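This is what each chain is made of:
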Amino acid sequence: MGAIGLMLDRLLGAMGRPWDWVQVEVSSRCNARCLYCPHTTLAPSWAGRLMNMETFGRLLPSLKRARLVHLQGWGEPLLNPDFWTMARLAREKGCQVGTTTNATLLDAEAARRLVKVGLSVVGISLAGVDAHNDEIRKGTSLAQALKAIEDIAGAKARAGADRPAIHVAYLALRSRLDDVQRLPGLLKDRGVAAVVVSTLDLITDPGLAEEALWPGDQAEYDRVNSILEQAALEAQGLGLAWHHQLPHPAKVARACNENVDHALVVNAAGEVMPCVFYNLSAPEPRAWREGRMQPWPQVRFGYVGRSSLDRIWRSDAYQAFRRSQRQGSPPEGCRSCPKLRMA
């Protein structure tokens with residue numbers, strides 16, 4: 001991080017905003033059945049919930065300490081009828097507010113409300129550039145997602161607003177890697193500000209292991225990374241910010257790239273954890289690790305119904321977890337996570 005970034009960190013920290021973001025799962029229910037999502041692969045044992053206003057209200061006093069409140073988890077945020085109230089209340093705390101949606105409920109009126117409530121960023125999820133997106137993300141529609149982008153851009157123009165920034169959250173799968181190269185052209189001149197390309201990092205169905213872009217050696221890493229970099233160059237030439245990460249076959253970072261020292265997650269039930277990977281709403285979940293399916297640990301550091309978010313953050317157990325990350329000796333559940341291999 002450069003000197004300006006460090007100065008900004010110190011300034012915002014002094015202003016009482018030590019968290020870069022708090023991710024609030026307002027819904028773990030979803031109206032789609034994306035093939036790779038734990039919501040689908042762990043059904044019917046998945047516990048779909050909507051965060052209620054009582055739980056969200058317990059968070060509010062602490063949210064003023066966050067730069068960004070992102071209203072999204074494993075479900076579709078707009079399924080929660082209180083979404084709009086939650087967004088407004090978070091904005092009134094002086095936070096930037098964002099969300100990520102599958103766009104199925106994002107019509108012209110919802111786009112207008114997103115602009116009116118003052119969201120800073122809206123992510124639209126995709127996993128393809130043609131009909132394959134609809135096959136992979138069952139229950140969603142590429143055409144509807146593109147229409148939603150158009151509706152948001154139009155609502156911003158009519159309101160004379162520069163927010164929310166429209167981002168595309170794109171999942172790159174091994175079998176459809178070439179689609180990534182077509183993505184910049186698909187999004188050209190649609191009002192999209194940025195593209196964030198992720199890989200399938202959490203595999204809860206062994207049949208999906210071959211779809212994970214986890215290069216096995218340096219040669220494969222270089223080949224895949226070259227495809228991503230070429231797409232990045234094209235996107236940048238079209239005025240699209242582009243971000244991607246790829247697990248490296250050999251390098252292991254000392255700290256998780258999920259920013260666990262300055263960010264946290266609150267699930268729909270009000271439980272607090274360091275990242276969404278520890279938030280699988282199913283009993284005894286299993287996930288792919290070290291070449292096979294294994295029990296996947298679920299870490300909770302507190303419940304906002306019993307203690308404030310600030311107090312949970314300062315608890316001995318949570319501090320010990322963050323310290324282990326800083327010292328390069330993360331707990332067992334983190335050691336084989338691909339987030340430690342992102343280059």
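Caption draft 1: Quick peek at the layout of surface pockets. Within this model, the second largest pocket holds a volume of roughly 280 Å³. If you trace the second largest pocket, you find 17 residues lining it, with Trp214, Glu290, Ser336, Pro338 and Arg341 closest to the centre. Its residues assigned to classes, the lining of the second largest pocket shows nine nonpolar, four polar and four charged.

Caption draft 2: Structural view of the sheet that holds strand β9 (residues 241–244). Spatial ordering of the open sheet is given by β9-β8-β7-β5-β4-β3-β1-β10-β11-β14, a layout of 10 strands whose pairing is mixed. Every other strand in the sheet has two partners, leaving β9 and β14 (302–303) as the edge strands with one partner each. Strand contacts of helix α8 (residues 179–187): β7 (165–172), β8 (194–199) and β9, with the helix running at about 160° to β7, the strand carrying the most contacts.

Caption draft 3: The arrangement of the pairing of strand β12 (residues 286–289) in detail. Side-chain alternation along β12 places Ala287 and Arg289 on a buried face and Arg286 and Trp288 on a face that remains uncovered. Relative to strand β13 (residues 292–295), β12 is paired through four bridges, and the arrangement is antiparallel. Following the sheet pairing, Trp288 is matched in β13 by Met293.

Caption draft 4: How the structure looks around the packing of helix α5 (residues 108–117) against helix α7 (residues 142–159). Where α5 contacts α7, the axes come no closer than 8 Å and their chain directions differ by 50°. One finds that α5 runs oblique with respect to α7. Crossing hand, α5 versus α7: right-handed. Of α7, the residues touching α5 (which contributes Ala108, Ala111, Arg112, Leu114 and Val115) are Asp151, Ile152, Ala155, Lys156 and Ala159. Along the lines of polarity and charge, the residues of the contact of α5 with α7 split into seven nonpolar, no polar and three charged.

Caption draft 5: Here's a closer look at the packing of aromatic side chains. Evaluation of the coordinates by the stated rule reveals seven aromatic pairs. Between Tyr278 and Phe321, the aromatic rings sit 6.4 Å apart at their centres with planes inclined by 75°, giving edge-to-face as the arrangement. With Tyr278 in the loop between β11 (271–273) and β12 and Phe321 in helix α11 (residues 316–326), the pair connects residues that are 43 residues apart, well separated along the chain. One exposure class covers both Tyr278 and Phe321, and it is buried. Considering the side-chain rings of Phe301 and Tyr318, the 4.3 Å spacing of their centres and the 15° angle between planes classify their relative orientation as stacked. Here Phe301, found in the loop between β13 and β14, pairs with Tyr318, found in helix α11; they are 17 residues apart in sequence, far enough to count as distant. By the burial criterion, Phe301 is buried, and Tyr318 matches it. Ring pairing ties together the aromatic residues Trp19, Tyr278, Phe301, Trp313, Tyr318 and Phe321, which thus form one cluster. Geometry around Trp19 places Arg65 over its ring, the cationic atom sitting 4.9 Å from the centre.

What counts as what
- Residues numbered from 1 in each chain as written.
- Predicted model: local features only at pLDDT ≥ 70, side-chain atom pairs only at ≥ 80, totals over all residues.
- Heavy atoms only, no water.
- 1 Å grid on protein atoms, 1.4 Å probe; cavity = no way out; pocket = protein on both sides within 12 Å on 5 of 7 lines; lining within 4 Å.
- Points joined across faces, edges and corners; volume = space filled by probe spheres on them.
- Nonpolar A, V, L, I, M, F, W, Y, C, P; charged D, E, K, R; others polar.
- Pairing = 2+ DSSP bridges.
- Helix = DSSP H or I, 4+ residues; strand = E, 2+ residues; numbered from the N terminus.
- Contact = heavy atoms within 4.5 Å.
- Axes fitted to C-alpha atoms, helices over the stretch in contact; angles between N-to-C directions.
- Buried < 20%, exposed > 50% of the residue type's maximum accessible area, 1.4 Å probe, protein only.
- Parallel < 35°, antiparallel > 145°, perpendicular 65-115°, else oblique.
- Left-handed = near helix turned anticlockwise from the far one by under 90°.
- Phe/Tyr/Trp six-rings, centres within 6.5 Å; stacked < 30°, edge-to-face > 60°.
- Lys NZ or Arg CZ within 6 Å of the ring centre and 35° of its normal.

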